[in-house]
Amino acid sequence: MSSAGATPVLPPPAAGALGVTDARRPSTLIAYRWELRKLVSQKRTYLGLGLAVLLPSIFVLVQNLRHQHPGRGDSIFTSQITQSGLATPVLTLLFESVFFLPLIASLVAGDIVAAEDGNGTLKTILTRSVDRGQVFAAKTLAALTYAAIAVFLTAGVSTVEGVVSWGFNQITTYSGTVVPATEGLALVFAANACYLIPLFAVACIGVLLSTVTRNSTAAVVGAIGLVILLYILSGIPGLEAVKPYLLTEQFENWHGLLRTPTDWTPIWHSAWVCALYAIPSLFAAYLVFLRRDVTGG
């Protein structure tokens, strides 16, 4: 029997009510920070960044050892190598965009999920108060962040070393227009930012392979192997109609930024073509990650 005026006993709030559960759940941003801390502690991270610093340094050293004789080549920037230090980051991007930057991006993207499987730590991560979607988003963002850091680190190193060697001078663009050094510097870094469009697509493919294969080596080799395969396909006679839609053809999309006026056509084309590679890759990886059985360890 209950007495009049007695205080009623209320049931505990349901899970999620008044934001009780949500208040205790770390945000995706916090999970992203966790992933960045992991990258800082891994040797593979510094292997890629070491290449990003070493390769432009070797290029500048070789050019200096040539007694500053102007180079010859297909690019208009080759003939400007000793006339303006701003030609150095452009030529470095031309060289590294074909293979080395995709390799650097794949080193982390191909390892970002597979490393957890190899170390047996995926079960621990997925039993935290973070859902799988947050973990996957954080890992993907970390892989893309690493790719962006590698590109701009390469651009920064090559720009500084080029300017120290040959000066901060005006430069001639692909269209033959001479632009002042400050504008040329802005164009150089805009071009590197534009190159991130296809590089992010490579990283997304690496994340897919990392999730599906559960093996870092297989994922890295698979991502780079796909890039090489696409280069081979682009050189096969009779496949000219397919060539504009190959991912590797988008590695030169940034050339449009170094023309006057800016040629946006290859950039917009690259954006939607790369999306055809990146979005399905991430969606497939996400589905596999959601269904991952970690009960065995």
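Quick notes on the rules
Residues numbered from 1 in each chain as written. Predicted model: local features only at pLDDT ≥ 70, side-chain atom pairs only at ≥ 80, totals over all residues. Heavy atoms only, no water. Salt bridge = Lys/Arg side-chain N within 4 Å of Asp/Glu carboxyl O. Helix = DSSP H or I, 4+ residues; strand = E, 2+ residues; numbered from the N terminus. Buried < 20%, exposed > 50% of the residue type's maximum accessible area, 1.4 Å probe, protein only. Polar contact = N/O pair within 3.5 Å; in protein donor to acceptor, adjacent residues only side chain to side chain. Core = buried A, V, L, I, M, F, W, Y, C linked by side-chain atoms within 4.5 Å. Contact = heavy atoms within 4.5 Å. Patch = residues over 30% accessible without salt bridge, like charges linked within 9 Å, V, L, I, M, F, W, Y side chains within 5 Å. Areas by Shrake-Rupley, 256 points an atom, 1.4 Å probe, with all protein chains shown as cover. 1 Å grid on protein atoms, 1.4 Å probe; cavity = no way out; pocket = protein on both sides within 12 Å on 5 of 7 lines; lining within 4 Å. Points joined across faces, edges and corners; volume = space filled by probe spheres on them. Nonpolar A, V, L, I, M, F, W, Y, C, P; charged D, E, K, R; others polar.

> Whenever I open this one, the pattern of salt bridges confuses me. Can you help?
A side chain of one charge can pair with a side chain of the opposite charge when the charged atoms of the two come close. The full count for this structure, using the stated rule, is 5 salt bridges. Residue Glu35 pairs with Lys139 through a salt bridge whose shortest N-O separation is 3.2 Å. Taken together, the residues span a long stretch of sequence, with Glu35 in helix α2 (residues 28-40) and Lys139 in helix α8 (residues 132-166) at a distance of 104 residues. Just as Glu35 is buried, Lys139 falls in that class too. Through salt bridges with shared partners, one network takes in Glu35, Lys38, Glu116 and Lys139.

> Would you mind showing me how to read the side chain of Thr154 here?
Here Thr154 shows up in helix α8. A distance of 2.9 Å separates the side chain of Thr154 from the backbone oxygen of Ala150, its partner in a polar contact.

> Can you walk me through the nonpolar core in this structure?
Grouped burial of nonpolar side chains is what soluble globular proteins tend to show. Membership of the largest hydrophobic core comes to 68 residues, with the highest contact counts inside it found for Phe77, Tyr195, Leu199, Leu247 and Trp254. If you tally residues by element for this core, the top one is helix α9 (residues 181-213), at 15 residues. In this view, Trp254 contacts Val90, Leu93, Leu94, Tyr174, Ala191, Cys194 and Tyr195; residues no more than four positions away in its chain are not counted.

> Honestly, a nonpolar patch on the surface in this entry has me stumped. Any pointers?
Together, Val98, Phe99, Ile228, Leu229, Ile232, Ile236, Leu239 and Val242 line one region of the surface with nonpolar side chains, adding up to about 610 Å² of accessible area. You can see Leu239 is positioned in the loop between α10 (216-234) and α11 (265-290). Among the residues examined, Leu239 registers a relative accessible area of 31% and is labelled partly exposed.

> Quick question: what am I supposed to make of empty space enclosed by the protein here?
Remark: the empty space left among the atoms is shown by a probe the size of a water molecule rolled over them. The final tally for this structure, using the stated rule, is 2 cavities of 30 Å³ or more. The space that makes up the second largest cavity amounts to roughly 50 Å³. Per-element accounting of the lining of the second largest cavity gives the leading share, 3 residues, to α9. Partitioned by chemical class, the residues of the lining of the second largest cavity number 6 nonpolar, 2 polar and no charged.

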